[in-house]
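Observations on the three-dimensional arrangement
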Amino acid sequence: MTAFFSSEFFSNYRRNASAIAGSLILVCFVVIVLFGPFLVAQDPYDIAALDLMDSYKPPAWLPGGDPRFLLGTDGQGRDVLAAIFYGTRISVMIGVTAMVCSLMLGTFVGLLAGYFGGRVDAFMMRVADIQLSFPSMLIALFLMSAFGTGIDKVLIALTAVGWVVYARTVRGQTLSEVGREYVQAARVSGLRDGKIIGRHILPNVTTPLIVVATVQVGTFILIEASLSFLGVGVPITQPSLGLLIKNGFDVLFSGLWWVSVFPGLFIMALVFGINLFGDFLRDELNPRLK
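Only a predicted model underlies this, so the values are computations on that prediction, with no experimental measurement involved.

Another aspect to go through is the side chain of Asn12. Summarising the element assignment, Asn12 is placed in helix H2 (residues 8–14). Relative accessible area serves as the criterion here: at 15%, Asn12 is assigned to the buried category. Separated by 2.7 Å, the side chains of Asn12 and Arg15 make a polar contact.

Within the structure shown, the criterion is met by 10 salt bridges. Between Arg282 and Asp283 there is a salt bridge, with its nearest N and O atoms 3.1 Å apart. By relative accessible area, Arg282 is classed as partly exposed at 37%. By sharing partners, the salt bridges in this structure join Asp54, Asp66 and Arg68 into a single network.

To locate leftover empty space, one rolls a probe as large as a water molecule over the atoms. Size it by volume and the largest pocket reaches roughly 370 Å³. The wall of the largest pocket is formed by 14 residues, among which Tyr45, Leu50, Asp74, Gln76 and Arg78 lie closest to the centre. The class makeup of the residues in the lining of the largest pocket is eight nonpolar, four polar and two charged.

The next point concerns the environment of Asp121. Mapped onto the elements, Asp121 comes out in helix H5 (residues 118–132). Separated by 50 residues in the primary sequence, Asp121 and Arg171 place their C-alpha atoms 8.6 Å from one another. Excluding anything up to four places from it in sequence, Asp121 contacts Ala113 and Arg171.

Conventions we followed
- Residues numbered from 1 in each chain as written.
- Predicted model: local features only at pLDDT ≥ 70, side-chain atom pairs only at ≥ 80, totals over all residues.
- Heavy atoms only, no water.
- Helix = DSSP H or I, 4+ residues; strand = E, 2+ residues; numbered from the N terminus.
- Buried < 20%, exposed > 50% of the residue type's maximum accessible area, 1.4 Å probe, protein only.
- Polar contact = N/O pair within 3.5 Å; in protein donor to acceptor, adjacent residues only side chain to side chain.
- Salt bridge = Lys/Arg side-chain N within 4 Å of Asp/Glu carboxyl O.
- 1 Å grid on protein atoms, 1.4 Å probe; cavity = no way out; pocket = protein on both sides within 12 Å on 5 of 7 lines; lining within 4 Å.
- Points joined across faces, edges and corners; volume = space filled by probe spheres on them.
- Nonpolar A, V, L, I, M, F, W, Y, C, P; charged D, E, K, R; others polar.
- Contact = heavy atoms within 4.5 Å.

On their own, these measurements won't tell you what the molecule is for.
Spelled out as structure tokens, the structure:
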């Protein structure tokens, strides 16, 4: 731990205001994800705890607001802040899980393509090129239309969209590592391909993946929010921030702006924090940018 605090990485972090701001935002959202239900008085999805007489109350600081509901309520009398805290947990869970699945699949494909080359490389990269020729959102919409709604379906769609960037990144790094002397020495010594890939090549291609993975969490959160807003994402029984925005959009122009505006601000803050910290990691972990 002492070595970390005295490292160049931490020294650069302390001097980077954007990185500090991004990390503080992320810490706040980590607290929400871990302790959200304990920070609000209402379970917004406990029907017995809802009262329709509390529907569409404005934020507490506006005329007609109720101190119990800091950010107001929606049409079912749910506390908007409580709904946001619960929705944030689902959005972050989907973003992180989809990132991990994409990372594992893309890294596996990239290692195989870069190490073995030839027809394996050509086939896998042509599949990647074909997928990259279509917008990610279009592919996700097509898959959700085919599979139906549900968190598991969203994860499949996001994994299918996100693996390509890892595969191409790892493949390029692997190609540069395969020709190095330590890999040739491992082959001459009779080490099996699997051990060479896992023990020697994989540790040397992970650095750029950290940056890609960090930024992709934010991208996945936005894609999931878009799918849910269009009605093909998560079910209404497990609403994410995107679905909360959709629920409030129907009354947005009736003066009940808080139902959708506040969830939208939370998504913006979350992705903004991820991008700020991701930019710092990109600059620190890429020697060419120093």
